[in-house]
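So the chains spell out like this:
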Amino acid sequence: MGRTENFQNPFENTQLNPGKLALAFYAGMYSYSGWSFLNYVVEEIKNPNRVLPLSIFIGLGIVIVIYAFANIAYFTLLTPKEMIESSAVAFVKSIKFFSFFLINFSFN
């Protein structure tokens, strides 16, 4: 079911173009736009000096772990070429994952 050969050379054919790297960072900044609401939330928190750093570290830790496991799951089921060609990587991964279970563990 899984592919471990995708982990042998994970950065093969990587382009280190500064323009594409800047574009990737700029596109990623969109998902972090929620930080602009932090000033409004701090007023409502009791003991913000303790709660805010704690929630930031716990929240970021959880997101990093989930993101890392999601990427590991993508690389075990899809080749890099399939990821590049797909417009929805998670959808293609879920189709492959669930079709494996439907084929091998059907109740017929």
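Keep in mind it's a predicted model, so treat the numbers as computed, not measured.

Cut-offs used in this document
Residues numbered from 1 in each chain as written. Predicted model: local features only at pLDDT ≥ 70, side-chain atom pairs only at ≥ 80, totals over all residues. Heavy atoms only, no water. Helix = DSSP H or I, 4+ residues; strand = E, 2+ residues; numbered from the N terminus. Contact = heavy atoms within 4.5 Å. Areas by Shrake-Rupley, 256 points an atom, 1.4 Å probe, with all protein chains shown as cover. Expected span 1.5 Å × (residues − 1). Buried < 20%, exposed > 50% of the residue type's maximum accessible area, 1.4 Å probe, protein only.

### Looking at the overall build of the chain
And then number 1: A count of helices and strands for the chain gives five helices and zero strands.
And then number 2: When the helices and strands of the chain are listed from N to C terminus, the series reads α-α-α-α-α.
And then number 3: In the chain, the share of contacts with a sequence separation of at least 24, taken over all contacts with a separation of at least 6, comes to 48%.
And then number 4: Per element, the accessible surface of the chain, about 9500 Å² overall, is 68% carbon and sulfur.

### Observations regarding helix α3 (residues 48-77)
Side chains of residues three or four places apart in an α-helix project in the same direction, reflecting 3.6 residues per turn.
And then number 1: Helix length check: α3 (30 residues) gives 43 Å between terminal C-alpha atoms against 44 Å at 1.5 Å per residue, within 8%.
And then number 2: Listed as buried for α3 are Leu52, Tyr74 and Leu77.

### Notes on unusual backbone geometry
And then number 1: Residue asparagine 47 is not a glycine yet carries a positive backbone phi of 55°.
And then number 2: Checked against the element boundaries, asparagine 47 lands in the loop between α2 (38-42) and α3.
And then number 3: Asparagine 47 gets classed as partly exposed once you look at its relative accessible area, which sits at 46%.

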